[in-house]
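Chain by chain, the residues run as shown.
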Amino acid sequence: MSAKLEKLSQSLVDVFAERIAAPVTAFGEVTIEVSADHYADVMRTLRDHEALAFEQLIDLCGVDYSTYTGYSGLRYATVVHLLSIKHNWRLRVRAFSADDAFPVIASVTGIWTAAEWFERESFDLYGIMYDGHADLRRILTDYGFVGHPFRKDFPISGYVEMRYDDEQKRVVYQPVTIEPREVTPRIVREEQYGKVDGRG
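Residues numbered from 1 in each chain as written. Predicted model: local features only at pLDDT ≥ 70, side-chain atom pairs only at ≥ 80, totals over all residues. Heavy atoms only, no water.

**Regarding the overall build of the protein**
Logical step 1: The helix and strand tally for the protein stands at 3 helices and 9 strands.
Logical step 2: What you see for the protein is a C-alpha radius of gyration of 24 Å, clearly larger than the 16 Å of a compact globule of 200 residues, by over 25%.
Logical step 3: Its C-alpha atoms put the protein at 70 × 65 × 30 Å along the principal axes.
Logical step 4: By the burial criterion, 34% of the 200 residues in the protein qualify as buried.
Logical step 5: Long-range contacts, defined as pairs at least 24 residues apart, comprise 51% of the intrachain contacts of the protein with a sequence gap of at least 6. (Helix = DSSP H or I, 4+ residues; strand = E, 2+ residues; numbered from the N terminus. Rg over C-alpha atoms; globule rule 2.2 N^0.38 Å. Buried < 20%, exposed > 50% of the residue type's maximum accessible area, 1.4 Å probe, protein only. Contact = heavy atoms within 4.5 Å.)

Here you go:
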């Protein structure tokens, strides 16, 4: 581990103590895990504390850990990537929503305005609700879309399909009519494969 990452890890431990899990360093980046209860407070401190100074939110996304190999904890997490221009270091923050049936976590749009569209995307694709978000609505799927397509239990073909109806002069939704099928690769064997002019 580089001296810079060691200093960042120690600063995180000094500032947050028990509010975060022990920092983990992998692939040249430090990751901390924080509970949903402390998420908003920790994020604000990450931005405002002089020793950390994470001025910029680079990315925010949802994750569904339901089929993650060897994992048996909470299902939905929000992962945030932060950048400190002042200290020239990066940090990954992961926070799990406490309820798998209805995942909710605090919005950080009041801390970094860049989180606005990222949180909308996470809500749209994973169904994670961001408490305090001023405009939490779908951003990639249609307004009438049923479900959240990045959830691991979402069917590959979806629940509904849409088409334009000439009689009604509008787009209509109907149950998916595609029959489920299993794709089996066809193996083609040729007797002369790999031989030039029929000679070995």
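Past the structure itself, the notes keep going.
**Some points on unusual backbone geometry**
Logical step 1: Within the chain, F27 stands out as a residue other than glycine whose phi angle is a positive 55°.
Logical step 2: Counting through the fold element by element, F27 comes out in the loop between β1 (24-26) and β2 (29-35).

**Some thoughts on the pattern of salt bridges**
Logical step 1: For the structure on display, the rule yields 11 salt bridges.
Logical step 2: Residue R75 pairs with D153 through a salt bridge whose shortest N-O separation is 3.3 Å. Taken together, the residues R75 in the loop between β3 (56-64) and β4 (76-84) and D153 in the loop between β7 (129-131) and β8 (160-165) connect sequence positions 78 residues apart.
Logical step 3: Accessibility expressed as a relative area gives 17% for R75, which makes it buried.
Logical step 4: Owing to a relative accessible area of 51%, D153 belongs among the exposed residues under this scheme.
Logical step 5: Each of D64, R75 and D153 takes part in one network of salt bridges that share partners. (Salt bridge = Lys/Arg side-chain N within 4 Å of Asp/Glu carboxyl O.)

**Describing the side chain of D64**
Logical step 1: Topologically, D64 is positioned in strand β3.
Logical step 2: A polar contact of 3.0 Å, which involves the side chain of D64, links it to the backbone nitrogen of S66.
Logical step 3: In this structure the side chain of D64 is engaged in a polar contact, spanning 2.9 Å, whose partner is the side chain of R75.
Logical step 4: Once residues lying within four places of it in the same chain are set aside, the contact partners of D64 are R75, Y76, Y126, F150, R151 and K152. (Polar contact = N/O pair within 3.5 Å; in protein donor to acceptor, adjacent residues only side chain to side chain.)

**Quick look at the nonpolar core**
Across soluble globular proteins, nonpolar side chains have a tendency to be buried as a group.
Logical step 1: The biggest cluster of nonpolar side chains holds 32 residues, and the ones touching the most others in it are L12, Y39, M43, L46, L82, V93 and V108.
Logical step 2: Elements represented by at least two residues in this core include exactly α1 (3-16), β2, α2 (39-48), β3, β4, β5 (89-96) and α3 (115-126).
Logical step 3: Among residues more than four places away in sequence, those in contact with L12 are A17, I20, P23, V30, I32, L46, L52 and L91. (Core = buried A, V, L, I, M, F, W, Y, C linked by side-chain atoms within 4.5 Å.)

**So, the packing of α1 against α2**
Logical step 1: In the contact formed by α1 and α2, the axes pass within 12 Å of each other and the chain directions differ by 125°. Relative to α2, the element α1 is oriented oblique. The chirality of how α1 crosses α2 is right-handed. Mapping the contact onto sequence places L12, V15 and F16 in α1 and V42, T45 and L46 in α2.
Logical step 2: A breakdown of the residues in the contact of α1 with α2 according to their chemical character gives 5 nonpolar, 1 polar and no charged. (Axes fitted to C-alpha atoms, helices over the stretch in contact; angles between N-to-C directions. Parallel < 35°, antiparallel > 145°, perpendicular 65-115°, else oblique. Left-handed = near helix turned anticlockwise from the far one by under 90°. Nonpolar A, V, L, I, M, F, W, Y, C, P; charged D, E, K, R; others polar.)

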